[in-house]
Structures are given as C-alpha cells and as structure tokens.
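Coordinate inspection notes
Chain by chain, the residues:
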Amino acid sequence: MLYVENLCKRFDGTFDQPLFELVSLALAPGETVAIMGESGVGKSTLLNCLAGLEPVDGGRIRLHDQDLTRLGEDAFALLRRRAFGFVFQAFHLLPHLTLAQNVAVPLWLLDQDEALADRRARTMLQQVGLGARADDWPRHLSGGEMQRVAIARALVHEPAVVLCDEPTGNLDPERATGVLDLLFARIRSAGAIGILVTHSRVAAARADRILRLTRHGLVADPSADEAPRPVAAAQE
Amino acid sequence: MNRPHIDPVLRHLFIASLWRRRLATTLSLIAIALGVALGLAVQLIHAAAIDEFGRGLRLLSGEADLQVVGPRSGFDDRLYLELAQRPEIAEASPLLDIEARLPGRDETLRIFGIDLFRVGAVTPPLIPVAETPFETDADDPAAPTDRLAALRPDALFLSPAAATRLGLAVGDELLVQVGLHEKPLRIAGAVPGAGVGQALAVMDIGAAQQLFDRIDRLTRVDLRLAAGVDRDLAQRRLADKLPAGVSLLTPREAESEALGVSRAYRVNLTMLAVIALVTGGFLVFSAQLLAVVRRRQEFAFLRALGLDRRGLARGLLAEGAMLGLIGGLIGVALAHLLTALAFRIIGGDLGAGFFQGVAPPWRPEPELSLLYLGLGLLAGLAGAWLPAREAARMVPARGLRAGDEAEVYRARPRWGAALAALGLAAALSLLPPVDGLPIFGYLAVALILAGSVLALPGATPWAMRLLKRRRTTLVRLARARLAAAPGQAVVAGAGVLASVALAVAMAIMVASFRDSVDDWLSQMLPADLYLRASSSVASGYLDLNAVDRVTALPGVASVRPVRFETVRLDAARESVALIARPVLGGHSLPLVAGSLTPVLGPDALRPAWISEAMADRLRLGVGDRLEVPLAERRYAFEVAGIWRDYARQYGAVVIELDDFRALTDDFRTNDLGVFLAPGTDPEIVMAAIRVALGERVSEIAEPGAIRALILEVFDRTFLVTYLMLIVAVLIGLFGVGTTFAALAASRRREFGILRHLGLRRRQVGTLIALEAALTAAVGVAIGLAAGGAIAIVLIEVVNRQSFHWSMDLQLPAGLLVIFSITLVTLAAFSARLAGRQAMRQDAVLAVREDW
C-alpha cells in the first residue's frame, strides 16, 4: 500500500505560501489514479515529491510500512531503483543505447547480470510490441514507439509504483490511445500502483480514480462521474 | 557494497560517452600523453645519463675511501709522499687528470696519468692491459713484460669506448696537443675495466707529467684508509694538513658535486612537462564540464531511476580516470620511444651540455614509468573532479526540465579568492630557494595562474559593461549572455587565459634572456679577434713567447691575454672558475654592482670581481673580503664588483692578470683577445697568426662568429623549451575550439529559439563568433597580465634562484600583439566553424525536442 498523508510543499525559499498542502492519498497494489489540475498547481512537483526527487515540507509518504519522508537522499535513490518506475512526457530514452539496452538500464542499476538483464529487456519489449526492434536505436522510432519503450523500461524491474508524467503529451490522439491502452494494461497486469499526472481527460479516464490537485489538497474530480466514458471522448 | 552493480552502468552510460565525443576525448588524451611523455622522457634521459655519469665517477674512484682533489692546475706531488707515509693510510694512488686536446679533431680525450704500481690497490678499473699487435700474450695479460710496456713514455691505453670513438686500434698513433706543440702517443693496449660507457685513456704518471709539462704536479690522490681508521675522523685530521685550495672529499661528495650542476636545469625541464600535464588536466576539465552540461537531462533521468549521487560522481570520475590512464599509457610508451631515439641520436645530453660524451643504454625504469602513469591518472581525475561534483549536486527534478544549462554557467565573482591567490604569490616569490631549488617561485607561478582564472567570472561582466554603448542586436545579445553566464567565459576563456599566460611568460623570459646574453657577449668580446690554443680546460695553451709573436705581427695594435683556472674556495663546496685578465684600465666586464676602476689605497687588498652566482652562493657584496687559494697559498682579495656571467653556473672570479702572474708564476695564456690597428683586414692577421703558430694547434675566431655560435647554442638549449611550449599552446588552442563547439551544440535550443524569433542563420553564426571573440579577448587580456607577472617571477625568482642569472626585462611587444590578435581571431573562427554544426540542426526540431 502507498499512503500519502497531509503532504505539503512550499515555494522555494518561502515559509508561508504553500504550493500545495494537505495532500492525502491511499493506493492499493494494482490500483491506478489520475491526477489532474490547472497548469502550475504542482502536479509534476507532487510526482517528484512522491519519488523523492524533491524534498517535501510536511506530511508523510509510506510505502509498504516504510516512511519514505524519513529516507536520506541516497537511501531514497536506492529505493527508487527497486520500487519506482517512470514514464515521462519527453520519453528520455538514451540516444546512444539500443532499445534493449535502454530497457535494461533499471536492471543494470539493480546489479543484475547483464545477460539476464538483456533477456528480460527483450521479453519486455516483446510485450510492448517492439520485440523485433530490440537492437534498433531510439532515433529510428516514432514518438509512440519511443513511449512504448519507455513503458517497457518503467516496468521491467517490476516496481511497486509507476509514476507517469503526462505520458501522451507529445503524441497525437491516435497514438496516445494505443500507448494508454498499453500503459494501463501493463500496470494492472504487473499489480503495480499507477499514478498518472495529466491534462488529458481521455488519459485520466483510464484510471480507476480521477483526482484534482488544488492548493489545499486532492479533491474528487466533480466532472468525473458525469464524464462520458473514454471511447466517446473526442477532444479534451 | 553497491560497487559491483555499477559495472554495466559504468560501461554503457559513462565510459561509452568518451567514445561518443571522440574529438574532445582525443584532444584530452593527446594533452595528457604529451605531458606524461615529455616529463618522463626528461626524467628517463637524465636518470640514465646521471646513472652513467655517476657510475663513471664511482668507477674512477674505485675503492678509494677519500680523495684529495685540487685546482685544475694541480698541486705539488710532495703532498702525495707525505700522505702515503701517514699511519692512517694504507694505500695512496696519485693521479694526474688531463683533458688533452687532439689536434685536427673537435673532441678532447680525458687522460689519466697513473702510478702503475699503486693504481691496482685503490682504483683497479683503471689498470691498463698491454696488447702487442705482433706477439700475443693473451693467456697472461698481467705478465711483467706488459707492466714494463705500460711504462714506456709514449704508451697510451684506451678504454673500449674511447677506442671506438676515436677509431683507433693497438699500434696506432695519436697526436695530443701540449701548449702549441703536437706530441705523438702510441696505443699500447686497453683499459678493459672502464666499462662501455666511459671514454678515457690511461698512461704512466711520470710520462704524463713530462709530456704535458706538469712536472711534479698531481690533480688527485686516491686514498685507502688503514683497517680500523674512522673515515670522518681521518678526513677531519688530514684536512688540516692540506695546502690552500686542496680539499679532501669522500667519493660520494665528489659525485654529488659533479651532479649538482645539472639539477636545476633538470627541474626546470620537469616543470615545463608539468605545465603540459596541467594543460591536459585542464582540457579534461573543460571537456568533462561541457559533457556534464550536455548530459544534464540524462543524468537527471538516471537519478530519477535511482542512480545515487555517489554513483553519478563515480561514473564521471571514472571517465576522467579512463582518460588519464589511457593518456598516461600512451605517454609512457611515447616517452620510452623518445628516450631510445634520443640516446641513438644525441646521447645523454639534453642541450645544456652537462652530460656530453655520456652514452647511456636505455632502461625500462619501471618505478619512474609507474610514477608518470600515476601522474597522468591524477591529471585525468583532477580534471574530472569539479564537473563530477557539479553533476552530483544537481537537483534531479530541475535537471529533468529543459533550459537548465545556464545554471552551470552562473559563476559567482571570486575576487576575494583571486586577490588572495595573487597576494600569496607575491609573498611566496620573496622567499629564498629550498635546497637550491626555486620551489616557492614555481608555487607563485601556479598561484598567479589560479588567481587570474578565478578573476575571470568577475572580470567578464565588468568587461562587458565597456561595450554598453554599442546597440547592435547581436552585440547586445552576446553581451547579455556573457554578463549573465560568466561561467561560460570561465570554461572557454580559462583555456585561452592559461595558454596565453604561459606563452607570454615564456616569450618574455626567453626574449629577456637572449637579449641579455647578446648584450653580455658584446661586453665580454670587445676585441677584433680571439685566439685560443684549446678550450679553457684542455691541454693547449699559449706561452709568453707565442703571445709575443702574435703581438709583433703587423696590424696587431694590442693583445689581451686571459688565463683560466679553477680554484677551490674554502667557503664554497664546489670549485669555481678563476679568470685572470687585465681589468683595470677600462677593459670591460658586464658589471651589475661595484666598479671596474676601484680607488685603491696603498695598503688596499687586491681587487677581484665576482660573478652573480658567486655573490649569491657565498653571500658576498662589494667591499667584502675574499680569500682565493693560488699556488697552494691563500691570498686575500677585496670584492670590487659583481658581474653578470651566463657561462659558469657555479661562479667565477676575475682577478688582474698581473696579480695572478705575480702570485703563481704561471705565465701561460688560454685565450688571447687581439685588437687590430685601424684599417687592418682581420683575414690577413688571422692568416699571419696561423702561419706563426701552426695551423692545427690554435683556433682563431672573430667575435661575430663566436657570438653567433653561442647564440646558436643558446637557441638549441631552449629548443626543448620551445617545443614543449608550442605543444602546450597548440593543445590549449584545440581545447578552445572544442570548447566552443561543445558550447554551440549545447545551446542548440537557444539558437533555435533565436531563429524562431527572426534571426537569420548567418546572424546566429555571427553571434557565436562574437561571443567567442569577446570571451577570448577577456581571456587574452587577463592572460597577458598574468603572463607578464609570471615572466617577472621566472626572471627574478626562478632563474635567479636556479642559475643565479639576472637579466634585463625585455618585452617582445610586437610578437605579443600579433599573438593576441591571432588567438582572438582563431577563437572566433573556430567557434563559427563549430557553430555551423549547431545551426545545421533544424531550428524547429531543436525547440520542439524538448516539449
């Protein structure tokens, strides 16, 4: 389980003005949540805080009974290696590594045998439909294909939590649909907790829950209930 | 605990990046390799030369416990008889050491006159073995008949190296010059114990004394102490019994005396190699820093994936270490190649002439090689250190966003640190040398460099303010960029600064030195012609009769005879040169203090003029009293002046020729300055002298030729220096080029935005060139100032302390102006060229890539 309790983040160097506060959330394995909100409300910052990439100014994050807010920076880095997977808007594939190598990076960091890591990466690429191109280079891929590789990389080490920051922001709607289908299918089949930050209602609708980030915490998205189901949604 | 997991990460994510930026990597490798190669080669050549030289000295001292050594003219051989009878002494072996001039040949031959019945007991390697070309006695080389053959007055025994060098075999005749006469000697055998590296000859001491006109004279006595006698005690007790100017040394003291001469030169060359190595480290620094900027997002992403700070820093340090290690390995290989080549071509001498005639074999020297490999590794690690720290400090969440590169370049002004470094440099340059080496001077040079680099971030915005009046968009853009991101100026400009500073410092130093040497030569060589029987140390000389004959030649107005001798002063450990010549009456000497025409009272001491080296070493000033041993007695002189001498590093003292002759009864002359009557053709007089004295036994030269020769030697001596410097500057320039290329590449997005905003492709190129020119101009300006300061330290501290040479500061202004303009232009040009690559990228793509 992932528990977030009264998380608070202030603007750099200020004490009184919170970017957001009283953010609380509880997620069970296999559960996914989409977090929406206006630009600048701190959605990406919230993801960074959850991953320990930015310090929080209050509140607690617990993962499997471990208080993450108490971890030092390096301890958090070690935890990230094991328990977190990332999907970014800008893909962040390393251009000088083959697709298989890109997917294998998290396994390398976990000190896994290189041959074994390579096998697992290839299996993973097969699952995202790019098995035949394991030895190709990222520059030969389309945006949608790149994000598929990124999804493979986010899940290859079977993390407990997968954090996705606007994963379809760089893709056209058609490709976005395919990537989202894949992303949610893989998260669910891996039994991971999925947290998705997005502007896109189409993307958000794939999640089990939709929450809206405000300065004073997460609220249930009022439009969520009456929102049409994803297939009917054309545009944001 | 988490070290092993780094392996594939290290390989694919860090080390592999070196391969991706091959140009920068190659340059860093070249710089480190050259630094290591030059430094190690200097050390290898010197280590081998010193070793061979020292081996020669040890060989020649044999099993002697103590050695009695005197001036070059030697001492009375009665001293030997007295010493031989002392109870402390078991064996004494007398020796006469002669540097024989060989008529018609350029080289001289070192001949040892030995007592055949004594030499075996103390110096067995010098035992001659007679070989008769006709009747062979091979099975009994030490047969009595051979001993007797060695006693023949014309019998000479050559070491294998000397026989090879002179191309002589047993039975051949060799002519040696004594005064102005040629005397024949016959090769009677070999000195097999001398080893392969030592070119020397041995003959009977009585015959040598006779032949070289040194009756009753010895230059050395080797002593073996009786069993149970304490050496230090014996040394102290016997030293009291010695006449003035004669010393008693242990063989080790004699060796260190001989080797001390070349040490400062060697240290100076090593320092230059260190500079090359520092340049290498610096290139690694700028290459790594730029790589870190370019890979910022990648690192942020890897941190997000769980790479910890230490893992990141370790990866980047591993890149630096890899560069250092490979560069070091190439450098070590190159050094051994250079050394082997140098031994084959020039022997063991690096241009300063200390080890001429020593032909050492190449040796692997594993410790030295490892040491320099380590230094290469260190340069790579040191260069990678700051960028690694910078990368590890980055907040990953921020690095994941684009446009964060400027953060790196936001350097704070560091005026405090800069001033502190410069102040400390000034203070250090006032300190005396450590053990004869200008350690603090070198530290001051390093601090000046560091201080001026630290001044760059503060000076850049300040310099940009000077451009405020110009309103062109491009100038404004360039100015704004540099003022806002002075860190960019530090990365790119520091390379310019360092190479300019070092090049300027060396240019000023060498120009000043050469100018001073030239000036010195014109003062030292006032006569129209110079005549010498042989170099001052060898066996040729002119007697009074010869001098008179030259004086009497038509066209000769007057002559100035000079006598060279070496003396051992009580106060100095090493021998100094004694030059006896007419001084009073206006004969010039390049004085820096005192007077050539001292006012001498009736009971005044005799005047002496000492060289700067002597003044420094013995802490003597004008008016001080100086005791000089002449003909085994001490005479008091008063220091009347201090003169500049670039020829004799251990010091020289000039006294009046008349005083010398009166005190020593020695009327021989080594050099004769000939002043011609007005309108006389020097060629005719030269021809007349050759006829009068003999063609092969004298050398005549006009001052112009001597000067040209000496300046040629000077330039050759500085050749190694020049080469190393050019290499350093070239590497620095290449570094500037790659720096700007990398900068342009890392700013692709910025340029893309500018293109979006309406700048034309060409304008972006101009902007890049403008920024580079401005950066380089600031670097050049500060570099010129720093170079000037370093030159002053080199001249006033480093040279003064290593060689005791003063010189007049000479600014090669034209050269410096051309150099500066060239450098700024090259920087702009290379940046423009590099920028073309960045501009080729589609502007739209460059901007979107990041969204």
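Residues numbered from 1 in each chain as written. Chains lettered and ligands numbered in written order. Predicted model: local features only at pLDDT ≥ 70, side-chain atom pairs only at ≥ 80, totals over all residues. Heavy atoms only, no water.

Under an unreviewed UniProt entry, the name given to chain B is FtsX-like permease family protein, and the source organism is Thioalkalicoccus limnaeus. Quoted straight from UniProt, the Subcellular location (unreviewed entry) entry for chain B says "Cell membrane". (UniProt positions renumbered as here; feature names shortened; annotations may be inferred.)

Per an unreviewed UniProt entry, chain A is named ABC transporter ATP-binding protein, and its organism is Thioalkalicoccus limnaeus.

Here's the deal with the overall build of chain A
The number of helices and strands found in chain A is 8 helices and 10 strands. Rg of the C-alpha trace for chain A: 18 Å, near the compact-globule value of 18 Å for 236 residues, within the 12% margin. Viewed in the frame of its principal axes, chain A has a C-alpha envelope of about 50 × 45 × 30 Å. Taking all 236 residues of chain A together, 53% fall into the buried category. In chain A, the proportion of contacts linking residues at least 24 apart, taken out of those at least 6 apart, comes to 70%. Put simply, chain A shows about 10000 Å² of open surface, and 50% of that area lies on carbon and sulfur atoms. Taking the average place of the 25 positive charges on the side chains of chain A and the average place of its 30 negative ones, the gap between the two points comes to 2 Å. (Helix = DSSP H or I, 4+ residues; strand = E, 2+ residues; numbered from the N terminus. Rg over C-alpha atoms; globule rule 2.2 N^0.38 Å. Buried < 20%, exposed > 50% of the residue type's maximum accessible area, 1.4 Å probe, protein only. Contact = heavy atoms within 4.5 Å. Areas by Shrake-Rupley, 256 points an atom, 1.4 Å probe, with all protein chains shown as cover. Lys, Arg positive; Asp, Glu negative; His and termini not counted. Charge placed at Lys NZ, Arg CZ, Asp CG, Glu CD.)

Description of the overall build of chain B
Within chain B, the regular secondary structure consists of 28 helices and 22 strands. Counting over 851 residues, chain B shows a buried share of 55%. Summarising the internal contacts of chain B: among those between residues at least 6 apart in sequence, 82% fall at separations of at least 24. For chain B, the accessible surface area stands at approximately 36400 Å², while carbon and sulfur atoms represent 60% of it.

Notes on a positive patch on the surface
Residue and element names in this part refer to chain B. A cluster of basic residues, Arg389, Arg393, Arg412 and Arg414, forms a positive patch on the protein surface. By the secondary structure assignment, Arg393 is in helix α12 (residues 366-393). By relative accessible area, which is 53% here, Arg393 ends up exposed. (Patch = residues over 30% accessible without salt bridge, like charges linked within 9 Å, V, L, I, M, F, W, Y side chains within 5 Å. Salt bridge = Lys/Arg side-chain N within 4 Å of Asp/Glu carboxyl O.)

Topic: the sheet that holds strand β2 (residues 18-27) of chain A
All names here are of chain A. Taken together, the 4 strands give an open sheet; going across it, the order is β2-β1-β4-β5, and neighbouring strands pair in antiparallel fashion. At either margin of the open sheet sits one strand with a lone partner, and together these are β2 and β5 (66-67). Pairing between strand β1 (residues 2-10) and strand β4 (residues 58-63): 5 bridges, direction antiparallel. When the sheet's bridge partners are listed, Val4 is paired in β4 with Ile61. Against the sheet, helix α1 (residues 43-50) touches β1, β2 and β4, its axis set at about 125° to β1. (Pairing = 2+ DSSP bridges. Axes fitted to C-alpha atoms, helices over the stretch in contact; angles between N-to-C directions.)

Comments concerning the sheet that holds strand β8 (residues 193-197) of chain A
Residues and elements named next belong to chain A. Taken in spatial order, the 6 strands line up as β6-β7-β8-β3-β9-β10 in an open sheet, and their pairing is mixed. Looking at which strands have only one partner, the edges of the open sheet turn out to be β6 (84-87) and β10 (217-220). Put simply, the sheet's adjacent strands are angled 25° from each other on average, direction ignored. Strand direction decides the pairing type here: strand β3 (residues 32-36) and strand β9 (residues 209-214), joined by 4 bridges, are parallel. Across the sheet, the residue bridging to Ile35 is Leu211, located in β9. Relative to β6, helix α5 (residues 143-155) is tilted by about 170°, and along the sheet it contacts β6 and β7 (161-165).

Thoughts on the packing of α5(A) against helix α6 (residues 173-190) of chain A
Residues and elements named next belong to chain A. At a closest axis distance of 10 Å, the pairing of α5 and α6 adopts a crossing angle of 10°. For the element pair α5 / α6, the angle class is roughly parallel. Between α5 and α6, the residues in contact are Gly144, Gln147, Arg148, Ile151 and Leu155 and Arg175, Val179, Leu182, Leu183, Arg186, Ile187 and Ala190, respectively. (Parallel < 35°, antiparallel > 145°, perpendicular 65-115°, else oblique.)

Here's the deal with the pattern of salt bridges
In total, this model carries 40 salt bridges over all chains according to the counting rule given. A:Asp208 is the partner of A:Arg188 in a salt bridge, and the nearest nitrogen-oxygen pair spans 3.0 Å. Note that A:Arg188 is positioned in helix α6 and A:Asp208 in the loop between α7 (201-204) and β9, a separation of 20 residues in sequence. Exposure remark for A:Arg188: the relative accessible area of 34% places this residue in the partly exposed category. For the salt bridge of B:Glu699 with B:Arg101, the shortest nitrogen-to-oxygen distance reads 3.2 Å. Here B:Glu699 is found in strand β22 (residues 699-701), whereas its partner B:Arg101 is found in strand β3 (residues 89-101), with 598 residues between them in sequence. In the salt-bridge network here, residues are joined through shared partners; they are A:Glu5, A:Arg60, A:Arg62, A:Asp67 and A:Arg70.

Focus: the interface of chain A and chain B
With 27 residues of chain A at the contact, the number on the chain B side is 29 residues. Each partner contributes to the roughly 2600 Å² buried at the junction of chain A and chain B, and carbon and sulfur atoms together form 60% of this total. Considering only the surface of chain A that becomes buried against chain B, A:His92, A:His96 and A:Leu109 emerge as the three largest contributors, covering 20% of it. The interface formed by chain A and chain B includes 5 salt bridges. A:Glu73 is the partner of B:Arg309 in a salt bridge, and the nearest nitrogen-oxygen pair spans 2.5 Å. (Buried area = accessible area lost by both parts, 1.4 Å probe.)

Overview of the confidence of the model for chain A
All names here are of chain A. For chain A, per-residue confidence averages 85 on the pLDDT scale, and 92% of positions sit at 70 or higher. Summarising per-element confidence for chain A, the mean pLDDT is lowest in helix α8 (residues 222-226) (57) and highest in β8 (93). pLDDT under 50 marks residues 226-236. Its contacts with residues more than four places away, or in other chains, come to 7 contacts. (pLDDT = per-residue confidence, 0-100.)

A look at the pairing of β9(A)
Within a regular strand, the side chains alternate between the two sheet faces. Relative to β10(A), β9(A) runs antiparallel, the two being bridged by 4 bridges. Considered in β10(A), the bridge of A:Arg212 is made with A:Val219.

Side note on the confidence of the model for chain B
All names here are of chain B. Looking at chain B as a whole, the pLDDT averages 80, with 83% of positions reaching at least 70. Within chain B, the lowest mean pLDDT, 46, falls on helix α28 (residues 843-848), and the highest, 92, falls on helix α15 (residues 415-428). Predicted confidence is poor over residues 1-6, with pLDDT under 50, and the contacts of this stretch with residues over four places away or in other chains come to 14 contacts. Taken together, the stretch residues 140-144 has pLDDT below 50 and engages in 3 contacts with residues farther than four places along the chain or on a different chain.

Remarks on a nonpolar patch on the surface
Nonpolar side chains collect at one region of the surface, where B:Met322, B:Leu325, B:Ile326, B:Leu329 and B:Ile330 lie side by side and expose about 390 Å² of accessible area between them. Relative accessible area serves as the criterion here: at 36%, B:Leu325 is assigned to the partly exposed category.

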